[in-house]
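Next come the chains, spelled out residue by residue.
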Amino acid sequence: MRTGCSTKSQRGRCAPTGVWLLLLLLLPMALGVQALSGSAGAATKSAVPPFTHPTKALCKRANYKIGYTVFSGTQPFADLVGTGIEKAAKSIGCVTILKTIDNDTGPTAVSNVKTLISEGINGLIDFNILEPYQPAIAKEMKSAKIPGDAVIGATLPGWPGVGAKDYTSAYKDGLYLADQAKKRYPKTVPYVIGGAEDTSGPLILGRYTGALAAEQKVYPGLPSSHIVEVQTKGLETTAYSNALSALSKVPSGSLVLLTGVNDEATGGLFKAAVARGFKKILVNSYGGDTYGMSQVCSQSNYYVGAWYLEPLVWGRDALSVVLDEINNPGMHIPKTVGVLGAEIVRSGAEKLHCK
Amino acid sequence: MKEDRVLAQPSVVATTNAGPGKTFRELEDERLAAEGVRRVARNRNFVRRLQSQGLVLVFIVVFVIMWVSSPYFLTTGNLLTAASVVSILGIMAVLETLLVIAGEIDISVGSVMAAVSVLLGLMAAAGMNIWLAAILGLLFSAAVGVINGVVTVYFKINSLVTTLGTYSIFLGLAYALSSTSTVSVGGQGFDVLGSGSVGSIPVPVLFFVGIWLVVAVAARHSRLGRHVYATGDNYDAAVRSGVRADLLRVGLFVAVATSAGLAGIIVTSELGAAAPQIGTSYLLSVITAVILGGASLRGGRGRMVGTLVAVAILGVLQNGFALLQFSTYLEDTVLGCLLIFAVLTDRLVRRAER
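Computed from a predicted structure; not experimentally measured. (Residues numbered from 1 in each chain as written. Chains lettered and ligands numbered in written order. Predicted model: local features only at pLDDT ≥ 70, side-chain atom pairs only at ≥ 80, totals over all residues. Heavy atoms only, no water.)

A. Focus on the overall build of chain A. A count of helices and strands for chain A gives 12 helices and 12 strands. For chain A, the residues scored as buried account for 51% of the 355 residues in total. In chain A, the proportion of contacts linking residues at least 24 apart, taken out of those at least 6 apart, comes to 74%. For chain A, the exposed area adds up to about 15800 Å²; of that, 59% sits on carbon and sulfur atoms. (Helix = DSSP H or I, 4+ residues; strand = E, 2+ residues; numbered from the N terminus. Buried < 20%, exposed > 50% of the residue type's maximum accessible area, 1.4 Å probe, protein only. Contact = heavy atoms within 4.5 Å. Areas by Shrake-Rupley, 256 points an atom, 1.4 Å probe, with all protein chains shown as cover.)

Pasting the structure below:
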């Protein structure tokens, strides 16, 4: 067996004979270690499953009945989450989805969960936006010993949540907006107008604090008088009315940077800034629904883009998590499985929405 | 009836007061009765004054607090902004006041706003002229008013129940038709309704002031106004004295719904967007403005000046809370407190009148 180098020119790229011998000796040991680490890897894999990749490997049973309770049958974002769940279920092949809609009515949501449990579901995906009714839903699940997760919306006590990485994605949203502002108006210290929603709990509030933290990073030492928090309740009208009033604090001619908790709230802030006569306005929408995208298209002088939250991925991940919970009871699953999303600028929005 | 007899005593006393031959006891009884009547009248006047001037006092207190708390509050631009924001609520509150005086209530205004906004968006998206769409939206809201009025008046259903039903129907319709999505609406100068101004006065303020003036004058100085009060005060008596109370009430329902439609059109114009959520925040504030302004839920009582002051209070609160960056929870709490204050004052007035 030739293990050395035959020519002078090859020597530089060849290992000495002794090294090859050593490798031969080590090979069986290495294989043994690999086998061991493989089993250890498998053990690690089952302890921390790949929550966000539903595959046929999740089909430990012939069929799973998964309940999906959702607050709206028509809201576009909820629709896309539902489509994500259905698509993932179809690709896995062993999942039947049973869906109920409560039209954003808490007691109906709780009653729908009871109905789903009586229909024999193995797990539940809960997409509601009314925080106060979530404990009641969690209680029903606990007493029926049904695992589940929440598409956030609102948190489901005791169960993981799948949704936007609220703080982080808003941070990215704010960062992109502030960077754009710095490029376009390098010497101007802006006024940061942030749409908040204190009625939907701390996670959604992270959208405000995240964006603000990023803007403060780009503009270190931003005076507190340049930070204006506007309560929006997640609604365009409330955002508009409150921003219209709050903008009285901002001197005319200032550069204003606008972000909100969703596309509609951001739109309300923008309309208020226009109505108050501001010219230097930069907006980064948050959510990326059709309205937000249409604003990116039609108001491209002001909208630098929209942070797209990828609702299809939310549905896919929510199904994956609940199947992992059913297959591996008692397994530790992170409290939040977050989807970061991505910035969509006009060129990206054009392909989807601009006409 | 018992109260009526008590109140009737003074005239009896007055006619017999001068009569000769009375015992000391009779004279003493008459003196005590007259004093009691004077005390009741004094109480009544005090509570009435409390209701009307107390409202102005509340306005002044709120205004001064905001003035002291925020240096940006007392500027022309900010006050005009506050007026513009609250005008939407005011447009509906003025006509709702008339309806409440007539003894009815309409809680479907928020859903009518939403439905009109969504219809406007759909018609504009289908290529219809936006102004024509707005007129059709107004006609639609008037039709909702006819439904509310006819069901309440001719089928003798409590107006709270009727309008709760139509609230649900038209809100559901708005959500279903829009798929809960927001649609951009604009062009053809449509934004002038919500964002335009004449001089420095925002157009929504002009709408509000115009409607308030017409309704205030009509309520105080026209036969129609007297009929509204008469219907709310005593329906049977009003009908017996020739008031066409049923038709009047239907007409008021139509007026309230049309005002909600107009508010929906103005909000759609100022946002440049049609959405089913636009009426969500108005229901509680419209009713609060009406009751805070002194209109009694039992009918027969209410003043347009009161509604104007109440709308101004709500406007100052909304504006001040936004300037001071207060939580929305606090705003809701204050609104609730004001509502209870108003109802308690109404109860005091009623009690004093007995």
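B. Structural view of the interface of chain B and chain A. Of the residues lining the interface, 30 residues belong to chain B; the matching set on chain A comes to 29 residues. Interface of chain B and chain A: buried area, both sides summed, is about 2600 Å²; carbon and sulfur atoms make up 54% of it. Together, L271, Q325 and T328 of chain B form the three largest contributors to the area buried by chain B at its contact with chain A, with a combined 23%. Applying the counting rule to chain B against chain A returns 0 salt bridges. Taken together, the connections running from chain B to chain A amount to 10 residue pairs in polar contact (both at pLDDT 80 or more). Listed by contribution, the elements that provide at least two residues to the side of chain B that touches chain A are α3 (76-101), α11 (245-271), α13 (304-324) and α14 (328-353) of chain B. Its residues assigned to classes, the side of chain B that touches chain A shows 11 nonpolar, 17 polar and 2 charged. (Buried area = accessible area lost by both parts, 1.4 Å probe. Salt bridge = Lys/Arg side-chain N within 4 Å of Asp/Glu carboxyl O. Polar contact = N/O pair within 3.5 Å; in protein donor to acceptor, adjacent residues only side chain to side chain. Nonpolar A, V, L, I, M, F, W, Y, C, P; charged D, E, K, R; others polar.)

C. Seen up close, the confidence of the model for chain A. Mean pLDDT over chain A: 82, with 82% of residues reaching 70 or higher. Within the model, pLDDT remains below 50 along residues 1-48 of chain A, and this stretch shows 12 contacts once partners closer than five positions in the same chain are excluded. (pLDDT = per-residue confidence, 0-100.)

D. Here's a closer look at the pairing of strand β8 (residues 256-259) of chain A. Residue and element names in this part refer to chain A. Residues V256 and L258 of β8 are buried on one face, and the alternating residues L257 and T259, pointing to the opposite face, are buried as well. Pairing between strand β6 (residues 191-196) and β8: 4 bridges, direction parallel. Residue pairing across strands places V192 opposite L257, the latter belonging to β8. Two strands pair when backbone bridges link them, and β8 and strand β9 (residues 281-287) are joined in this way by 3 bridges, in the parallel orientation. The residue of β9 that forms the bridge with L258 is V283. Chirality of the crossover, the property in question, places the unit of β8, helix α9 (residues 263-275) and β9 among those that are right-handed. (Pairing = 2+ DSSP bridges. Right-handed = clockwise from strand over helix to strand, strands pointing away.)

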